[in-house]
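Residues per chain are reported as follows:
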Amino acid sequence: MKPVAAAAAALLLSCLALPGILPAQARAPDEWLTRAERTGFKETENYEDTRAYARRLDEASPWIKLVSFGTSPQGRDLMLLVASKDGAFDPAAARATGKPVVLVQNGIHSGEIEGKDASLMLLRDIAVTREKAALLDGAILLVMPLFNVDGYGGRFGPHTRINQNGPAESGWRTTAQNLNLNRDYMKADAPEMRAWLAVYDAWQPALLIDDHTTDGADFQYVIGYDMAMRDDAPAPIGAWARDVFLPYVTEHVERAGYPTSPYLDLRVPTDPAQGFLSDQNTARYSTGYTPLRNRPSLLVETHMLKPYEPRVRATYETLVAALEVVGREAARLQEAIRDAEREASGIGRTAEGDSVTLRLRLADSLGTFHYKGVEWRNELSEVSGAVRVVYGTKPVELDVPYQETLVPTLKVRPPLGYLIPPEWSGIADRLRAHGIPVERLETPVRGTFEVIRISSVKWSEAPFEGRHLLVAGDARRALEPDSLPAGAFWVPLGNAYSRLTMQLLEPEGPDSFVAWGFFDAIFEDKEYAEDYVMETLAREMLAKDPQLKEEFEAKVASDSAFRANPAARLEFFYRRTPWWDDRKDRYPVLRVVTPLARP
């Protein structure tokens, strides 16, 4: 290292050791400073000013194009900034370059907004000052400045993030319809999410970066990361994330002066000494959804209690590092995606294929994590009456338990595909929104199919994201003859969407259409027997069938809940009559396990 460079490095390190003194990117021209930069990172642009800054970037550089990818329920534009040195401003042109596409989304929770400021600063430094222009040599960059535009534009104010240290004003967590977009990837109830799915399917990004601000414990780390790279991701994608991508990003950001960590979730909320856990990335979240599309995603979580400036700058450095490693390792990333797609395409090719994991849980085994926290104590709260944690400022380091190993709890053998009756066309529409191939059949279908009946169902007591989740049920499969009229929908496996298709259409999937309540009507009694009618019929059945009488009396004797429930006792007989609705509790989507007979 040259003497001048060594002196500069020493100065930088000494600055990093002093509270409140942070490294900064080269200062941009005054007219291009964001509001955050102009106000010393005390404030951030509102929706209209963000939109105006995005337009200026478009007008100032031939490398940037601002497009709208939809309209929110309150009528705001969903903005997408496309950055390409090649002028590849549409998906076809981007594919022709051979470069990987990186999608950065900000403000899915629009109170967590440092990603927006970091992204606008980076786009300026790429395309206006060109300090970071080389980042576009190996990649095409898509930036959503604000995903949840109504939460930002409609509820921008000073009281949106009680846990967060700045900026002075920001947006609200949920959409105008009070939906949390980061629980909506699978069910896609929000118009914003359906617009996002169209962008994702058209552009097929090689990497998604989802910028957030964390809640939780206090500690030394400025920024944390999470990626699906265990059993919750295809092996090639997990290996690339774990061995290539994340080590480069964390090293770069640490070197820039911002301590990093995995995304940390306390095992015991009041005691960091009990350690942390890293649970499964289920598909309702961005980090769980994109692996089902055979692609990685990075969850960025800056620490809520750190000042806004280091949070923005740490996010900026994360984006820089991500683009650097994607550009440098493009071939390995694209190979990992192709390998994952080939694996997915092998699912459902034959009825003898390997089972596919639908559910995972954390194993009981514990590893060790070297934790860089701050001092804390516990005391009994006179306000809540519970034990509370009080954090101090003195740094502490200790080795704590870390629970991160995932083990499968449910595996299902894939069918060749699924048949959806024509009356459930809304399900076919949702599948198409995910890009899943769906074919409408013009002729009737007959055959023997695997039918699923679901019993012992239970729903969440309170609504969650506008729906009552089905939280328990016993799914039993059996081969039965059946027929569907013309207009049924054929959803084959054996393609790149196989993992996603199974998670949506297998009832036991944690984010399946059944779990989210799209099929709740099948569990309802629509016809019933009057008690006095069923009582008479039950007596006749007992008199005619000694075996039935023995079965009934045994159940009365052994099952106290059944014994004390008059309705259940009468239903015991009703289910054994020709009047019982054999379609109740029967999942209408058929699993096709032998080649579909086609005319």
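Our structure's up above, just so we're on the same page.
Quick caveat, the model's predicted, so the values are computed rather than measured.

Some points on the sheet that holds strand S2 (residues 77-83)
So, point 1. Strand order in this open sheet of eight strands is S1-S2-S4-S3-S5-S10-S6-S7, and the pairing throughout is mixed. Every interior strand has two partners, whereas the edge strands, strand S1 (64-71) and strand S7 (260-262), have only one. Taken over all neighbouring pairs, the strand axes of this sheet differ in orientation by 25° on average, direction set aside.
So, point 2. In the sheet, strand S6 (residues 223-226) pairs with strand S10 (residues 297-303) via four bridges, with the strands oriented antiparallel. Across the sheet, residue Tyr225 finds its bridge partner in S10, namely Val300.
So, point 3. This element, helix H10 (residues 308-328), spans strand S3 (101-106), strand S4 (140-144), strand S5 (207-214), S6 and S10 of the sheet and lies at about 165° to S5.

Some words on the packing of aromatic side chains
So, point 1. Scanning all chains against the criterion turns up 24 aromatic pairs.
So, point 2. Ring centres of Trp32 and Tyr53 lie 5.6 Å apart, and the angle between their planes is 85°; this geometry places the pair in the edge-to-face category. Taken together, the positions of Trp32 in the loop between helix H1 (3-16) and helix H2 (35-38) and Tyr53 in helix H3 (residues 47-60) put the pair 21 residues apart, joining distant regions of the chain. Taken individually, Trp32 and Tyr53 each receive the classification buried, so the pair is uniform in this respect.
So, point 3. Ring pairs connect the aromatic residues Phe219, Tyr221, Phe276, Phe369, Tyr371 and Tyr402, which therefore count as one cluster.
So, point 4. A cation over a ring is seen here: Arg76 above Tyr47, with NZ or CZ 5.9 Å from the ring centre.
So, point 5. Note that Lys187 overlies the ring of Trp516, its terminal NZ or CZ placed 5.2 Å from the centroid.

Observations concerning the packing of helix H14 (residues 531-544) against helix H17 (residues 566-574)
So, point 1. Running from N to C, H14 and H17 point in directions that differ by 60°, and their axes come no closer than 9 Å. Considering their axes alone, H14 and H17 lie oblique with respect to each other. As H14 runs across H17, the sense of the crossing is left-handed. Where H14 approaches H17, its residues Asp531, Met534, Glu535, Ala538, Met541 and Leu542 are matched on the opposing element by Leu570, Phe573 and Tyr574.
So, point 2. Of the residues assigned to the contact of H14 with H17, the class counts are seven nonpolar, no polar and two charged.

What to know about the environment of Pro158
So, point 1. Among the structural elements, Pro158 can be located in the loop between helix H6 (149-153) and helix H7 (191-203).
So, point 2. Between the C-alpha atoms of Pro158 and Glu169, which are 11 residues apart in sequence, the distance is 4.2 Å.

Describing the sheet that holds strand S8 (residues 265-266)
So, point 1. Taking strand neighbours across the sheet as the criterion, the four strands line up as S8-S9-S13-S12 in an open arrangement whose pairing is mixed. With partners counted over all chains shown, the strands left at the sheet margins are S8 and strand S12 (367-380), one partner each.
So, point 2. As defined by bridge partners, strand S9 (residues 276-277) adjoins strand S13 (residues 387-403) across two bridges and the pair is classed as parallel. Bridging across to S13, Phe276 finds its partner in Tyr402.

Regarding the environment of Asp243
So, point 1. Mapped onto the elements, Asp243 comes out in helix H8 (residues 235-255).
So, point 2. Side chain to side chain, Asp243 and Arg242 meet in a polar contact 3.4 Å long.

Description of the nonpolar core
So, point 1. Among the nonpolar cores identified, the biggest contains 129 residues, and Leu141, Trp196, Phe245, Leu431 and Phe519 are the most heavily contacted of them.
So, point 2. Examining the composition of this core, we find that 11 residues originate from one element, H10, more than from any other.
So, point 3. When neighbours within four sequence positions are excluded, Trp196 is seen to be in contact with Phe69, Leu103, Gln105, Met144, Phe147, Tyr185, Leu208 and Tyr289.
So, point 4. In terms of nonpolar packing, the next biggest core, distinct from the first, is built from 12 residues, Met534, Ala538, Phe562 and Tyr574 among them.

Quick look at the pattern of salt bridges
So, point 1. Under the counting rule described, the total for this entry stands at 50 salt bridges.
So, point 2. Across the salt bridge formed by Asp243 and Arg242, the nearest N and O atoms sit 3.4 Å from each other.
So, point 3. Across the salt bridge formed by Arg313 and Glu309, the nearest N and O atoms sit 2.9 Å from each other. In this pair, Arg313 and Glu309 are both assigned in helix H10, four residues apart and thus about one turn of the helix distant.
So, point 4. Of the residues examined, Arg313 reaches a relative accessible area of 7% and is grouped as buried.
So, point 5. For Glu309, a relative accessible area of 23% gives the class partly exposed.
So, point 6. One continuous salt-bridge network, built from bridges that share partners, spans Asp184, Lys187, Asp189, Arg430 and Arg467.

Thresholds, definitions, all that
- All residue numbers refer to positions counted from 1 along the written sequence of the respective chain.
- The predicted nature of this model means local features are confined to residues of pLDDT at least 70 and side-chain atom pairs, given and counted, to a pLDDT of 80 or more, with totals for whole chains, interfaces and linings taken over all residues.
- In computing side-chain properties, one takes all heavy atoms of the structure into account and sets aside hydrogens as well as water.
- When DSSP finds at least two bridges between two strands, those strands are taken to pair.
- Secondary structure elements follow DSSP: runs of H or I no shorter than four residues count as helices, runs of E no shorter than two count as strands, and numbering proceeds from the N terminus.
- Every angle, taken between N-to-C directions, lies between 0 and 180 degrees, and every axis is a line fitted to C-alpha atoms, over only the stretch in contact when it is a helix.
- Residue contacts follow a heavy-atom distance rule, with two residues in contact if any of their heavy atoms lie within 4.5 Å.
- Only rings of Phe, Tyr and Trp enter the pairing, Trp through its six-membered ring, and a pair is recorded when the two centres are within 6.5 Å. The plane angle decides the type: under 30 degrees is stacked, over 60 is edge-to-face, the rest tilted.
- Using a 1.4 Å probe on the protein chains alone, a residue whose accessible area is under 20% of its type maximum counts as buried, one over 50% counts as exposed, and one in between counts as partly exposed.
- Comment: the charge-over-ring label is applied if NZ (Lys) or CZ (Arg) is within 6 Å of the ring centre and within 35 degrees of the ring normal.
- An angle counts as roughly parallel when it lies under 35 degrees, as roughly antiparallel when it exceeds 145, as roughly perpendicular when it falls between 65 and 115, and as oblique in every other case.
- Note: crossing handedness is left-handed where the near helix turns anticlockwise from the far helix by less than a right angle, and right-handed where it turns clockwise.
- Under the scheme applied here, ten amino acids are nonpolar (Ala, Val, Leu, Ile, Met, Phe, Trp, Tyr, Cys and Pro), four are charged (Asp, Glu, Lys and Arg), and all others, including Gly, are polar.
- Each polar contact in these results corresponds to two N or O atoms within 3.5 Å; when the atoms are within protein, one needs to be able to donate a hydrogen and the other to accept it, and residues that are neighboring in sequence are counted only if both atoms are side-chain atoms.
- We call a set of buried residues a nonpolar core when its members are Ala, Val, Leu, Ile, Met, Phe, Trp, Tyr or Cys and they connect through side-chain atoms within 4.5 Å of each other.
- Any Lys or Arg side-chain nitrogen located within 4 Å of an Asp or Glu carboxyl oxygen qualifies as a salt bridge.

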